[in-house]
Amino acid sequence: MIINNDHFQQLAIMATSSNHQSHTSTSRSSDSGEPPSTAAAAAASPVDNKWASRLLNECARAISDKDSTKIHQLLWMLNELASPYGDCDQKLASYFLQSLFCKATGSGRRCYKTLTCVAEKSHSFDSARKLILKFQEVSPWTTFGHVASNGAILEALDGETKLHIIDISNTFCTQWPTLLESLATRNDETPRLKLTVVVTASIVGSVMKEIGQRMEKFARLMGVPFEFNVVSGLNHFTKEGLGVQDDEAIAVNCIGALRRVEVEERVALIQFFQSLKPKAVTIVEEEADFTSTRYDFVKCFEECLRFYTLYFEMLEESFAPTSNERLMLERECSRSIVKVLACDDDDDENENNENGSNGEEGWCERRERGSQWCERMKDASFSPVGFSDDVVDDVKALLKRYKAGWSVMVPKSGGGDDDDDDKNNQIPQSSGVYLTWKDEPVAWASVWKP
């Protein structure tokens, strides 16, 4: 433990209160009789719009340097300024303060389990459905991957009569109604579709029964022969367990799920995809790197803060200030931030091995950039398939439904046409297409074949 017991007790009180405070901290300072420091007052100045980033990075460096005096000073200062109900900087300060406190006190695993337990108890199908649909209504963050993947899968499986999609994602099957509609309107015979959903989060698993019933009902309405199966977790992943048949045309769909696989196990999983001989493997991941820097706390913290700053700013512009859905999405980030920054990977792996955990607490949160996933896929003898012009056009048409600031970019080596070649220098040379927000890549989609 970096900080002493007295500091721990003081900061424990701070951490407990940090996520329940109101919009500003100035009133608390005056009520307590303890004047805010000069540095805190300067940080709160409206002229300085990036005070949270500066203070948070400084605190991360202090933790890395094991400077207990500076850690205590900066955590107190951040606690005075942070609020989950304030502006974007106050929200970032609030959620990253929690992870910094956990890192400094070695309480990350306990905090993560508590956050997960609370989230699972308050989770229901109706609340999850409402949240997802509202998010998809105001932002293409998730629908971008749905449209790109569906287009690629439909093209890869065109003409096949028995389709089997292995869905490794946490999208609550919101991707599939539009694909079912497309299958129902095919010119040739309507194919039979088997959908096997691999649940990689216990929160998703708790509502899969109701989701499956709704999917089956919708498939009957569309006139598509349909079979729905659920597989829990990626442990003991086998062809038999997935119900793969020799006469099926296979597509593997991975949306936001590969980052939840332990880094050391990703090669084996991709090689397993190869053994299925799929017609297509679609991958959609958020554009961030929490993997190559995982043993350098400061660099990993900086990348994590960069990514979530973009995400929180996007939410701020997409939702109304008083939106409950926005607050729920922000709170969901708290678990990921604590997991990445305050839970030791080696301890995670040891505990999973000892307990055989397949729950939410056992999953990784190590994102990788599109260029890194490309290297992994190519090393496993997969070849990239450029998105067709039709699919790219569908994605661009999708973005027109949302507020200005969104665009799709295709790397020069990724296939398809790109109207923004002058901005390609911001995109790594890789396959696939990127979703950008204000010219910053935030998500990546790609399609591969053996």
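Everything that follows concerns the structure shown earlier in this document.
Residues numbered from 1 in each chain as written. Predicted model: local features only at pLDDT ≥ 70, side-chain atom pairs only at ≥ 80, totals over all residues. Heavy atoms only, no water.

This part takes up the overall build of the chain. Along the chain, the regular secondary structure elements total 19 helices and nine strands. Relative to its 450 residues, the chain shows a buried fraction of 56%. For the chain, contacts bridging at least 24 residues in sequence account for 78% of all contacts bridging at least 6. Of the accessible surface of the chain, which amounts to about 19,800 Å², a share of 48% is contributed by carbon and sulfur atoms. (Helix = DSSP H or I, 4+ residues; strand = E, 2+ residues; numbered from the N terminus. Buried < 20%, exposed > 50% of the residue type's maximum accessible area, 1.4 Å probe, protein only. Contact = heavy atoms within 4.5 Å. Areas by Shrake-Rupley, 256 points an atom, 1.4 Å probe, with all protein chains shown as cover.)

This part takes up helix H16 (residues 324-342). The end-to-end C-alpha separation of H16 is 27 Å, in line with the 27 Å expected for 19 residues at 1.5 Å each. The element H16 is largely enclosed, with a buried count of 15 among its 19 residues. (Expected span 1.5 Å × (residues − 1).)

The next thing to look at is the packing of aromatic side chains. Scanning the model with the defined rule gives 15 aromatic pairs in all. Taken together, a centroid distance of 6.3 Å and an interplanar angle of 35° make the contact between Phe-226 and Phe-228 tilted. A relative accessible area of 12% places Phe-228 in the buried class. Taken together, a centroid distance of 5.1 Å and an interplanar angle of 80° make the contact between Phe-307 and Tyr-308 edge-to-face. Its guanidinium or amino end placed over the ring of Tyr-112, Lys-339 lies 4.9 Å from that ring's centre, counting from NZ or CZ. (Phe/Tyr/Trp six-rings, centres within 6.5 Å; stacked < 30°, edge-to-face > 60°. Lys NZ or Arg CZ within 6 Å of the ring centre and 35° of its normal.)

Our focus in this paragraph is the pattern of salt bridges. Tallying each qualifying case throughout the model produces 26 salt bridges. Here Lys-162 and Asp-247 are joined by a salt bridge, their closest N and O atoms 2.8 Å apart. Linking Lys-162 in strand E1 (residues 162-169) with Asp-247 in the loop between helix H13 (239-242) and strand E4 (249-255), this pair joins segments that are 85 residues apart in sequence. Given the relative accessible area of 32%, Lys-162 is considered partly exposed. Its salt-bridge partner being Arg-326, residue Glu-316 comes within 4.0 Å of it at the nearest N-O pair. Placement of the pair is Glu-316 in helix H15 (residues 297-318) and Arg-326 in helix H16, with a sequence separation of 10 residues. By relative accessible area, Arg-326 is classed as buried at 5%. A single salt-bridge network, built from bridges that share partners, covers Arg-259, Arg-260, Glu-285, Glu-286, Glu-365 and Arg-367. (Salt bridge = Lys/Arg side-chain N within 4 Å of Asp/Glu carboxyl O.)

In this structure, the second largest pocket encloses a volume near 600 Å³. The wall of the second largest pocket is formed by 24 residues, among which Leu-133, Gln-136, Cys-173, Thr-174 and Pro-177 lie closest to the centre. For the lining of the second largest pocket, the secondary structure elements donating two or more residues are helix H8 (125-138), helix H9 (143-156), helix H10 (176-184) and helix H12 (208-222). For the lining of the second largest pocket, the element with the highest residue contribution is H8, accounting for seven residues. Of the residues contributing to the lining of the second largest pocket, the split by class is 12 nonpolar, seven polar and five charged. (1 Å grid on protein atoms, 1.4 Å probe; cavity = no way out; pocket = protein on both sides within 12 Å on 5 of 7 lines; lining within 4 Å. Points joined across faces, edges and corners; volume = space filled by probe spheres on them. Nonpolar A, V, L, I, M, F, W, Y, C, P; charged D, E, K, R; others polar.)

This part takes up the pairing of E4. A large share of E4 lies buried, amounting to seven of its seven residues. By the alternation rule, side chains of E4 split into Ala-249, Ala-251, Asn-253 and Ile-255 and Ile-250, Val-252 and Cys-254, which are all buried. Sheet analysis places E1 next to E4, joined by seven bridges and oriented parallel. By the bridge assignment for E4, Asp-167 is matched with Asn-253. Relative to strand E5 (residues 280-286), E4 runs parallel, the two sharing five bridges. Residue pairing for E5: Ala-251 is matched across the bridge by Ala-280. Once you follow E4 into helix H14 (residues 266-275) and on to E5, the crossover reads as right-handed. (Pairing = 2+ DSSP bridges. Right-handed = clockwise from strand over helix to strand, strands pointing away.)

Non-glycine residue Ser-381 carries a positive phi angle of around 70°. Structurally, Ser-381 can be placed in the loop between helix H18 (370-379) and strand E6 (383-384). For Ser-381, a relative accessible area of 51% puts it in the exposed group.

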